[in-house]
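Listed below, chain by chain, are the residues.
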Amino acid sequence: MTDFLRSATLLFMLLNPFLLVVYLIDVFDKLQPATFRAVIIRAGVISIGVFSAAALLGDMLFKDLMQAQFASFQLFGGVVFLIIGLRFVFEGNSAIKGLRGESRYIAGSIAMPLMIGPGTISASILAGKRLSQPAAVGAITTAVLACVGIMILLKYMHDYVRSRNAELVQRYMDIAGRVTALVVGTFAIEMIMRGLAAWAAAIAGNQV
């Protein structure tokens, strides 16, 4: 039970629904609650499917199927998050709209790269190593559903507060987005450095 809670909590913290809210502020403003609920549930279902596959396949996903090292995934993921962080710093909340693309693809765009990323994939693989396959899928489902539920609740809270003080909400979200970008950028650099370190260790091991 402890490993189940640890795995679910780690994935939930990496998903971070409070951070996703900042990224999705334009979606919050544009979509009605029922539409937003349907979109975010679809994004959650996509994420559960990808995370569960990562947990069940484990390291084989990279070594055997993709024939690549996980370090490559860390490096690429770090670059993606670095771009997102930089655009947020200089452009504010409008930056993420261009990264997501057309609104008709919004569920998939929320899932990737906002929910599905190097950190969450790594946490899913770790859950697969710690737990039995059914328990790993259960921990992943619990974490994603908790994230989706909180985001739906925050959507209703956002609409309630915005109707009374829209300017204050917009100012807070813009500031929060730029501050959060610093955290995202720092995490991106950490991912890149870990990927480089893993590559260096692999090269050193091959030379021995």
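Residues numbered from 1 in each chain as written. Predicted model: local features only at pLDDT ≥ 70, side-chain atom pairs only at ≥ 80, totals over all residues. Heavy atoms only, no water.

Colleague: Is there a simple way to explain the overall build of the chain in this structure?
Modeller: On a plain count of helices and strands, the chain comes out with 11 helices and 0 strands. Along the chain, helices and strands appear, N-terminal first, in the series α-α-α-α-α-α-α-α-α-α-α. Long-range contacts, defined as pairs at least 24 residues apart, comprise 88% of the intrachain contacts of the chain with a sequence gap of at least 6. For the chain, the accessible surface area stands at approximately 11,000 Å², while carbon and sulfur atoms represent 68% of it. (Helix = DSSP H or I, 4+ residues; strand = E, 2+ residues; numbered from the N terminus. Contact = heavy atoms within 4.5 Å. Areas by Shrake-Rupley, 256 points an atom, 1.4 Å probe, with all protein chains shown as cover.)

Colleague: What's the story with a nonpolar patch on the surface in this structure? I'm lost.
Modeller: Together, L10, L14, L126 and F187 line one region of the surface with nonpolar side chains, adding up to about 270 Å² of accessible area. Along the chain, L14 turns up in helix α1 (residues 2-15). (Patch = residues over 30% accessible without salt bridge, like charges linked within 9 Å, V, L, I, M, F, W, Y side chains within 5 Å. Salt bridge = Lys/Arg side-chain N within 4 Å of Asp/Glu carboxyl O.)

Colleague: I tried to follow the packing of α1 against helix α9 (residues 118-130) on my own but got confused; where do I start?
Modeller: Their axes nearest at 9 Å, the elements α1 and α9 cross at an angle of 175°. What the angle tells us is that α1 and α9 run roughly antiparallel. Across the interface between the two elements, D3, R6, S7, L10, L11, L14 and L15 of α1 pack against G119, T120, A123, S124, L126, A127 and R130 of α9. By residue class, the composition of the contact of α1 with α9 is 7 nonpolar, 4 polar and 3 charged. (Axes fitted to C-alpha atoms, helices over the stretch in contact; angles between N-to-C directions. Parallel < 35°, antiparallel > 145°, perpendicular 65-115°, else oblique. Nonpolar A, V, L, I, M, F, W, Y, C, P; charged D, E, K, R; others polar.)

Colleague: Honestly, the nonpolar core in this entry has me stumped. Any pointers?
Modeller: Soluble globular proteins tend to pack their nonpolar side chains together in the buried interior. Among the nonpolar cores identified, the biggest contains 44 residues, and L11, F51 and V144 are the most heavily contacted of them. It is helix α10 (residues 133-162) that provides the largest number of residues to this core, a total of 10 residues. Those residues in contact with L11, other than ones at most four positions away along the chain, are F51, T120, A123, S124, I140, A143 and V144. (Core = buried A, V, L, I, M, F, W, Y, C linked by side-chain atoms within 4.5 Å. Buried < 20%, exposed > 50% of the residue type's maximum accessible area, 1.4 Å probe, protein only.)

Colleague: For this particular structure, what's the right way to read the packing of helix α4 (residues 33-57) against α9?
Modeller: When two helices pack together, you describe them by how their axes are tilted relative to each other and by the distance separating the axes. As a packed pair, α4 and α9 sit with axes 7 Å apart at the nearest point and diverge in direction by 50°. With respect to each other, α4 and α9 are oriented oblique. Here the hand of the crossing between α4 and α9 comes out right-handed. Together, V50, F51, A54 and A55 of α4 and T120, I121, S124, I125 and G128 of α9 make up the contact between the two elements. Residue composition of the contact of α4 with α9, by class: 6 nonpolar, 3 polar and no charged. (Left-handed = near helix turned anticlockwise from the far one by under 90°.)

Colleague: I'm lost on the pattern of salt bridges in this one. Help?
Modeller: Side chains that differ in sign of charge can pair as their charged atoms come close. Under the criterion given, the structure shown has 1 salt bridge. Residue R6 is joined to D3 by a salt bridge in which the shortest nitrogen-to-oxygen separation is 3.4 Å. Here the residue R6 and the residue D3 both occupy positions in helix α1, the gap between them amounting to 3 residues, near one helical turn. Judged by relative accessible area, which is 44%, R6 ranks as partly exposed. A residue is classified by how much of its surface remains accessible, and D3, at 32% relative accessible area, is partly exposed.

Colleague: Sorry, what's going on with the side chain of S124 here?
Modeller: With respect to the secondary-structure elements, S124 resides in helix α9. Within the structure, the side chain of S124 is placed 2.9 Å from the backbone oxygen of T120, a separation counted as a polar contact. If near-sequence neighbours (up to four positions away) are discounted, S124 is found in contact with L11, F51, A54, A55 and I140. (Polar contact = N/O pair within 3.5 Å; in protein donor to acceptor, adjacent residues only side chain to side chain.)

Colleague: For this particular structure, what's the right way to read the confidence of the model for the chain?
Modeller: Detail in the predicted coordinates should be disregarded across regions flagged by low pLDDT. Taken residue by residue, the chain gives an average pLDDT of 77. The fraction at 70 or more is 77%. When the elements of the chain are averaged for pLDDT, helix α7 (residues 95-100) gives the smallest value, 55, and α4 the largest, 89. (pLDDT = per-residue confidence, 0-100.)

Colleague: What should I look at first to understand the side chain of S52 in this one?
Modeller: With respect to the helices and strands, the residue S52 is situated in helix α4. For S52, a relative accessible area of 10% translates into the label buried. Here the side chain of S52 touches I48 through a polar contact of 2.8 Å, landing on its backbone oxygen. In contact with S52, not counting residues within four places along its chain, are V137 and I140.

Colleague: Before we go on, may I ask you to explain α9 in this structure?
Modeller: Its 13 residues place the ends of α9 18 Å apart at the C-alpha level, agreeing with the 18 Å of an ideal helix rising 1.5 Å per residue. Within α9, burial applies to P118, G119, T120, I121, A123, S124, I125 and A127. (Expected span 1.5 Å × (residues − 1).)

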